Amino acid sequence: MNTSLLEGPSAALAHLGIEMTGWDRDVARFEATVAPEHLNRSGLPHGGVYATMLDTAMGYSGAYTGDPEDRRMTLTLSLNINYLSRPKGTRLIAVGRRLGGGAKTFFTEGHLTDETGELIATAQGTFRVRSGG
């Protein structure tokens, strides 16, 4: 995956400690180290952290242009998440892939694992390009 065009995090992602670690045509990867502020009352990462990471990775998977001057923004039209397991490790890794669609609306899938390879959640989404490209 290309690392030469990685973007810095938005304020929301920075607050949660989520960083982009890979981005190329039709695929994006974001990672975060599990921290106390991510935990729910059961002591596990909150499902909202998983949803944020998957939503972000899937949206970026359809925003890649290969040109830092051509920034494409997307917005989520629908997002479905399946929570499958809990992390065994401490590093969360979300990968989103653009599956198809047109110039403005596209379809994605995502998966969230940890550094041990544990599959934690999967997702499907529909996104819209709102500017650029």
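Structure first, text after, so check above.
Residues numbered from 1 in each chain as written. Predicted model: local features only at pLDDT ≥ 70, side-chain atom pairs only at ≥ 80, totals over all residues. Heavy atoms only, no water.

## A few points about the overall build of the protein
Our working rule: In DSSP terms, a helix is any run of H or I states spanning at least four residues, a strand is any run of E spanning at least two, and both are numbered starting from the N terminus. We take the radius of gyration over the C-alpha atoms and set the globule estimate at 2.2 Å times the residue count to the 0.38 power. The rule is simple: take the accessible area with a 1.4 Å probe, protein chains only, and divide by the maximum for that residue type; under 20% is buried, over 50% is exposed, in between is partly exposed. Between two residues, a contact is recorded if the distance between any of their heavy atoms is within 4.5 Å. Accessible areas in this description were obtained via Shrake-Rupley with a 1.4 Å probe; residue shielding takes into account the shown protein chains only. Charge counting follows a simple rule: Lys and Arg are positive, Asp and Glu are negative, and His as well as the terminal groups are ignored. Note that the charge is assigned to NZ on lysines, CZ on arginines, CG on aspartates and CD on glutamates.
Each helix and strand counted, the protein has two helices and six strands in total. Taken from N to C terminus, the helices and strands of the protein fall in the order α-β-β-α-β-β-β-β. Its C-alpha atoms give the protein a radius of gyration of 14 Å, within 12% of the compact-globule value 14 Å for 133 residues. Every one of the 133 residues in the protein was classed for burial, and the buried ones make up 41%. Relative to all contacts within the protein whose residues are 6 or more apart in sequence, the contacts with residues 24 or more apart total 61%. Approximately 6,800 Å² of the protein is accessible, and the part contributed by carbon and sulfur atoms is 49%. Treating the 13 positive side-chain charges of the protein as one cloud and the 14 negative ones as another, the clouds have centres 6 Å apart.

## Notes on the layout of surface pockets
Here is the rule we go by: Only protein atoms enter the 1 Å grid used here, on which a cavity is any set of points holding a 1.4 Å probe that cannot leave and a pocket is any open set flanked by protein within 12 Å on both sides along at least five of seven lines; residues with an atom within 4 Å of a point are listed as lining. Grid points are joined across faces, edges and corners, and a volume is the space filled by probe spheres set on the points.
Taken as a whole, the largest pocket holds about 320 Å³ of empty space. Every element with two or more residues in the lining of the largest pocket is listed here: α2 (47-61), β3 (73-83) and β6 (119-131).

## What to know about empty space enclosed by the protein
Formally: Any residue outside Ala, Val, Leu, Ile, Met, Phe, Trp, Tyr, Cys, Pro, Asp, Glu, Lys and Arg is labelled polar, Gly included; the first ten of those are nonpolar and the last four are charged.
On inspection of all chains with the given rule, the structure shows one cavity of 30 Å³ or more. By volume, the largest cavity is sized at about 40 Å³. Forming the boundary of the largest cavity are Glu7, Gly8, Pro9, Ser10, Leu13, Ile18, Glu19, Met20, Phe30 and Tyr60. Each residue belonging to the lining of the largest cavity can be placed in one class, and the counts come to six nonpolar, two polar and two charged.

## Details of the environment of Ala94
For Ala94, the location among the structural elements is in strand β4 (residues 91-101). Residue class for Ala94 comes out buried when judged on its relative accessible area of 0%. Expressed as a C-alpha distance, the spacing of Ala94 and Asp24, which sit 70 residues apart in the sequence, is 14 Å. With residues up to four places along the chain from it excluded, the contact list for Ala94 reads Ala28, Arg29, Phe30, Met53, Leu54, Ala57, His111 and Leu112.

## Overview of the side chain of Arg91
Our working definition: Under this definition, polar contacts are N or O atom pairs within 3.5 Å; protein pairs additionally need one hydrogen-donor-capable and one acceptor-capable atom, and for neighbouring residues in sequence, both atoms have to be side-chain atoms.
With respect to the secondary-structure elements, Arg91 resides in strand β4. Engagement of the side chain of Arg91 in a polar contact is seen with the side chain of Glu19, the distance being 2.7 Å. Side chain to side chain, Arg91 and Glu31 meet in a polar contact 3.1 Å long.

## A short note on the packing of aromatic side chains
Our working definition: Any two rings among Phe, Tyr and Trp, with Trp reduced to its six-membered ring, count as a pair given centres within 6.5 Å; such a pair is stacked if its planes are under 30 degrees apart, edge-to-face if over 60, and tilted if neither.
On inspection of all chains with the given rule, the structure shows five aromatic pairs. Each ring, one from Trp23 and one from Tyr60, has its centre 5.3 Å from the other, and the planes form 75°; the classification is edge-to-face. Of this pair, Trp23 sits in strand β1 (residues 19-24) while Tyr60 sits in helix α2, placing them 37 residues apart in sequence. Between Phe30 and Tyr60 the ring centres are 5.1 Å apart and the planes differ by 55°, which places this aromatic pair in the tilted class. With Phe30 in strand β2 (residues 27-33) and Tyr60 in helix α2, the pair connects residues that are 30 residues apart, well separated along the chain. One aromatic cluster in this structure is built from Trp23, Phe30, Tyr60 and Tyr64.

Bear in mind that shape data such as this cannot, by itself, settle questions of function.
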